[in-house]
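# Descriptive structure summary
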Amino acid sequence: MLVSASILDCDFARLGEEVRAVAAAGADCLHLDVMDGRFVPGISFGAPVARAAARATRLPAHTHLMVVEPAAQVPQYLEFSELVAFHVEALDDPGPLLDSIRSSGRKAGLSLKPDTPLARIEPWLNHLDEVLLMSVFPGRGGQGFIPGSLDRIRKLRRLLDRAGSATTISVDGGINPGNCRAVADAGADIVIAGSAIFKSDDYAAAISSLKCAGRNTGQSDT
Ligand code: DX5
Ligand code: ZN
C-alpha cells in the first residue's frame, strides 16, 4: 500500500520542513489539494505554494485539482507534478484534458465525489492513469471516512479488472489506521492521508501504521 501525504492539514508556516519531514517519515508521494472556492467552498492554495512544496522534496507530487475550470488550471501544475487529477464533475468531456496531461508526459487522473456514479468515468478508462476516489466530500481535511466508499472501491476494482486496465485506484479522505486495511483489501493501490499524518505527533509511526494496516493480503475481492 502506497501512502500519499496530503499537505492540506500541515503547518503552512513551516511548509518546507513539513514536506521534508513526511518524506523522511516514509511517505511515497505528496498530495497537493488545490481548491478554488467555487468547486468546493474552501480556498487552499495555488501553483506558487504547490510548486514550493513539490520542490522541497524529491517525492513525486500528485496534484488534486478541486476547481471548476480544470483546463485553465492544469498547465500551471504540469511542470512539477508527476500526476495531475481533476474532477469528472467539472467537465462534460474530460477526454481532451486527460490526453493533454498525458501528452505532456505526466500521469492523468480523474477524481469522483462520493455521490458521483462510477459509470461517469467508464468512457475514459483508457485515457487515464489513476482514479482518485473521494471517501469524503471534497473541500477540507479531517472529515470522517464515508463507509459506503468500500463498496465503491470494490466495484471500481472490478470495473478496471474487467477492462484489463492498469489504472491505479487512490482513495482520498478520512483515511486512518483503522480503515486502511479494509481500503486496501477492497482494491485500493494508494491511500491519501492528511490529518492522520499531520495531526499525529510521530509522522513515521503514523505512516508506518497506514502501510502496515494497508498491507494487501493478496486476496482479490471477488
Ligand atoms: C479533501 C482533500 C483530501 C484531504 C485528506 O478535499 O482532497 O486530500 O486533504 O485529508 P484527511 O486525510 O484529513 O481526510
Ligand atoms: Zn485530495
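Residues numbered from 1 in each chain as written. Chains lettered and ligands numbered in written order. Predicted model: local features only at pLDDT ≥ 70, side-chain atom pairs only at ≥ 80, totals over all residues. Heavy atoms only, no water.

In the first shell of the zinc ion (ligand 2), the protein supplies H31 (NE2), D33 (OD), H64 (ND1) and D172 (OD), at 2.0 to 2.3 Å from the metal. One can describe the site at the zinc ion (ligand 2) as octahedral: its six donor atoms subtend angles covering 71 to 175° at the metal. Counting along the primary sequence, the residues that act as donors to the zinc ion (ligand 2) give the motif H-x1-D-x30-H-x107-D. In this pair, H64 sits in strand β3 (residues 61–66) while D172 sits in strand β7 (residues 168–172), placing the two residues 108 residues apart along the sequence. Considered together, H64 and D172 belong to a single accessibility category, that of buried residues. (Donors = N, O, S within 2.8 Å, 3.2 Å for Na, K, Ca; no water. Tetrahedral: all angles 85-135°; square planar, octahedral: opposite > 155°, others 65-115°. Helix = DSSP H or I, 4+ residues; strand = E, 2+ residues; numbered from the N terminus. Buried < 20%, exposed > 50% of the residue type's maximum accessible area, 1.4 Å probe, protein only.)

In a beta sheet, neighbouring strands are held together by backbone hydrogen bonds and run either parallel or antiparallel to one another. Around the barrel, eight strands lie side by side as β1-β2-β3-β4-β5-β6-β7-β8; this closed barrel has parallel pairing. Neighbour to neighbour, the strand axes of the sheet diverge by 25° on average, direction disregarded. Bridge count for strand β6 (residues 130–134) against β7 is five bridges, and the pairing is parallel. Considered in β7, the bridge of L132 is made with S170. (Pairing = 2+ DSSP bridges. Axes fitted to C-alpha atoms, helices over the stretch in contact; angles between N-to-C directions.)

In this section: the packing of aromatic side chains. Counted under the stated rule, the structure contains three aromatic pairs. Judged by centre distance (5.8 Å) and plane angle (50°), the rings of F12 and F45 are tilted. Of this pair, F12 sits in the loop between β1 (2–6) and α1 (15–24) while F45 sits in the loop between β2 (29–35) and α2 (47–55), placing them 33 residues apart in sequence. The partly exposed category is assigned to F12, whose relative accessible area is 38%. (Phe/Tyr/Trp six-rings, centres within 6.5 Å; stacked < 30°, edge-to-face > 60°.)

Counting 65 residues, the largest nonpolar core has I7, L32, I153, L156, I175, V183 and I197 as its most contacted members. If one sorts the elements of this core by residue count, helix α6 (residues 149–162) sits on top with five residues. With near-sequence residues (within four places) excluded, I7 lies in contact with F12, L15, V19, L30, H31, L32, F45, A53 and F198. Core analysis: the second largest hydrophobic core is formed by six residues, L8, M35, F39 and A90 among them. (Core = buried A, V, L, I, M, F, W, Y, C linked by side-chain atoms within 4.5 Å. Contact = heavy atoms within 4.5 Å.)

Near ligand 1 lie 21 residues; those nearest to it are D33, G139, D172, G194 and S195. Here an oxygen atom of ligand 1 and a backbone polar atom of G142 are 2.8 Å apart. Protein coverage of the free-state accessible area of ligand 1, which is 380 Å², stands at 100%. Contributing elements (two or more residues each) for the shell around ligand 1: β2, β3 and β8 (190–193). Per-element tally for the shell around ligand 1: the top contributor is β2, with three residues. Classifying every residue of the shell around ligand 1 gives seven nonpolar, 10 polar and four charged. (Near = heavy atom within 4 Å. Polar contact = N/O pair within 3.5 Å; in protein donor to acceptor, adjacent residues only side chain to side chain. Areas by Shrake-Rupley, 256 points an atom, 1.4 Å probe, with all protein chains shown as cover. Nonpolar A, V, L, I, M, F, W, Y, C, P; charged D, E, K, R; others polar.)

Here α1 has its buried residues at L15, E18, V19 and V22. Take α1 and look down its axis: the buried residues cluster within an arc of 100°, on one side only. Each element contacted by the buried residues of α1 is listed here: β1, β2, α2, α8 (195–198) and α9 (203–213). Phi turns positive one or two residues past the end of α1, at G26, with a value near 110°. (Arc of directions from axis to C-beta.)

It is worth spelling out the pairing of β3 at this point. With six of six residues buried, β3 is to be regarded as a mostly interior element. Residues A61, T63 and L65 of β3 are buried on one face, and the alternating residues H62, H64 and M66, pointing to the opposite face, are buried as well. In this structure, β2 lies alongside β3, joined through six bridges in parallel fashion. Following the sheet pairing, V34 is matched in β3 by L65. For the handedness criterion, the β-α-β arrangement of β2, α2 and β3 is classed as right-handed. Summarising the sheet, β3 and strand β4 (residues 83–87) pair through four bridges and their orientation is parallel. The residue bridging H64 from the neighbouring strand is A85, located in β4. (Right-handed = clockwise from strand over helix to strand, strands pointing away.)

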